[in-house]
Amino acid sequence: MKLMSVVGARPQFVKLAPLLKAIDRVNASGAAQIEHVTVHTGQHYDKDMSDIFFEELEIPHAEYNLGVGSGRHGVQTARMLEGIEDLLISWQPDWVIIFGDTNSTLAAAVAAAKLHIPIAHIEAGLRSFNRRMPEEINRIASDHLSDLLLAPTPTAVDNLTREGLAGKTVLTGDIMYDTVLHNRTLAERKSDVLERLGLTPGSYAVATVHRAENTNDPQRLAHLLDTFNHVAESLYPIVFPIHPRTKHLLPQILPDWAPHERLHLIAPLGYLDMLRLTASARLAFTDSGGLQKEAMFLNCPCITLRDETEWVETVQVGANVITSADPERILEAVHHWEARLAEGPADFSAQTGPYFGHGDAADIILHSVLQRSPAAAPQL
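To start, this report covers the structure provided alongside it. Every value quoted in this text rests on a predicted model; they were computed, and no experiment measured them. (Residues numbered from 1 in each chain as written. Predicted model: local features only at pLDDT ≥ 70, side-chain atom pairs only at ≥ 80, totals over all residues. Heavy atoms only, no water.)

**A look at the layout of surface pockets**
To find leftover empty space, one rolls a probe the size of a water molecule over the atoms. As a volume, the second largest pocket reaches approximately 160 Å³. In terms of lining residues, the second largest pocket is bounded by Gly-202, Ala-279, Ser-280, Ala-281, Arg-282, Leu-298, Asn-299, Cys-300, Pro-301, Leu-341, Pro-345 and Ala-346. Residues of the lining of the second largest pocket, tallied by class, amount to eight nonpolar, three polar and one charged. (1 Å grid on protein atoms, 1.4 Å probe; cavity = no way out; pocket = protein on both sides within 12 Å on 5 of 7 lines; lining within 4 Å. Points joined across faces, edges and corners; volume = space filled by probe spheres on them. Nonpolar A, V, L, I, M, F, W, Y, C, P; charged D, E, K, R; others polar.)

**A look at the environment of Trp-337**
Within the secondary structure layout, Trp-337 lies in helix H15 (residues 327-341). For Trp-337, a relative accessible area of 0% gives the class buried. Along the sequence, Trp-337 and Ser-191 sit 146 residues apart, while their C-alpha atoms lie 27 Å from each other. Non-local contacts of Trp-337, meaning those with residues more than four positions away in its chain, are made with Leu-283, Pro-301, Cys-302, Ile-303, Gly-318, Ala-319, Asn-320, Val-321 and Phe-348. (Helix = DSSP H or I, 4+ residues; strand = E, 2+ residues; numbered from the N terminus. Buried < 20%, exposed > 50% of the residue type's maximum accessible area, 1.4 Å probe, protein only. Contact = heavy atoms within 4.5 Å.)

**Topic: the packing of helix H10 (residues 218-234) against H15**
In contact at an axis separation of 10 Å, H10 and H15 are set at 35 degrees when each is read in the N-to-C sense. At the point where H10 passes H15, the crossing takes the right-handed sense. Contacts from His-223, Leu-224, Thr-227, His-230 and Val-231 in H10 reach Pro-327, Ile-330, Leu-331 and Val-334 in H15. Its residues placed into classes, the contact of H10 with H15 shows six nonpolar, three polar and no charged. (Axes fitted to C-alpha atoms, helices over the stretch in contact; angles between N-to-C directions. Left-handed = near helix turned anticlockwise from the far one by under 90°.)

**Looking at the nonpolar core**
Ranked by internal contacts, the top residues of the largest apolar core, which has 85 residues, are Leu-19, Phe-228, Phe-285 and Leu-366. The greatest single-element share of this core, amounting to nine residues, is contributed by helix H1 (residues 10-29). Other than its neighbours up to four places away in sequence, Leu-19 contacts Ser-5, Ile-97, Phe-99, Ile-122, Ile-175, Ala-362, Ile-365 and Leu-366. In terms of nonpolar packing, the next biggest core, distinct from the first, is built from 19 residues, Val-68, Trp-91, Ala-108 and Ala-109 among them. (Core = buried A, V, L, I, M, F, W, Y, C linked by side-chain atoms within 4.5 Å.)

Now the structure itself:
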């Protein structure tokens, strides 16, 4: 069987890693022989956002790199579509594997669907119910173009059922949980990020901001950054690995803003550094979907700087508070967590399994794809 995975952004590299390890296990067992190639669209293209993830996760670099880079949604997606279509025609995979909700996901789905190549969508069924988000458009379109919907949570299954897609849906668990389980001990052993930054576990917060709804709106961004300064001044330092998008926009839209001396803007971190930084943080501020989950998996309380979340499970179990960019709500959430932490360290481990699975999502995903192949499925 020939599988082609299409990725383009750092969260997708994290999701790809356990799938490649599952393929290696099947090939080593002799149950099936799977030929796999990775297509990297180049949506995230510099070393800090791309290469380091392949190296730290110990997975091969992509066989094909389209080098698309950044650009407007239409321009970027069109370039990806053209490059992916050429590769699909020449390589003729049995399945195309897509991940998440980026422009790379949508481009691969459109290209494969028009060539009548089956599509398996990992992390299908997420819904924020906010169509102003580009990611929401990408995930809805990709789900409806796909032939196999690999849903990470029961909520995702329910969303797909309401849209009439239950017949192609499989509940798999969350593949990012596989990656966290596999790498958190490795991160503790190999990452020296706390030592490099002079941090003591439990004495700092971590922050990430990159979504267009926050970075393209000067008022929202100013609210967030001023609130970070306030927390840094009054409570504890904040480590802010700044996304290239945010770093590029900041001097243009807020030229007079300056960080407090305890708000540390640093370059993006590799996966192992970010795992250790989050695992040792007092709390996390983020607008990232992935970090909301990773914080929960690592028992780090989270404050999500958005109006909604597609990962509603993190809120339902009490691991995450949604605040938008409202300074008052953010500070209320900080005080909520401070009161909670005064009773002892956060521990969300008991709630993780019922919602996100048990760390075997990659095997379930691969088995689901192989079951739908013309050949008999191997026993995994």
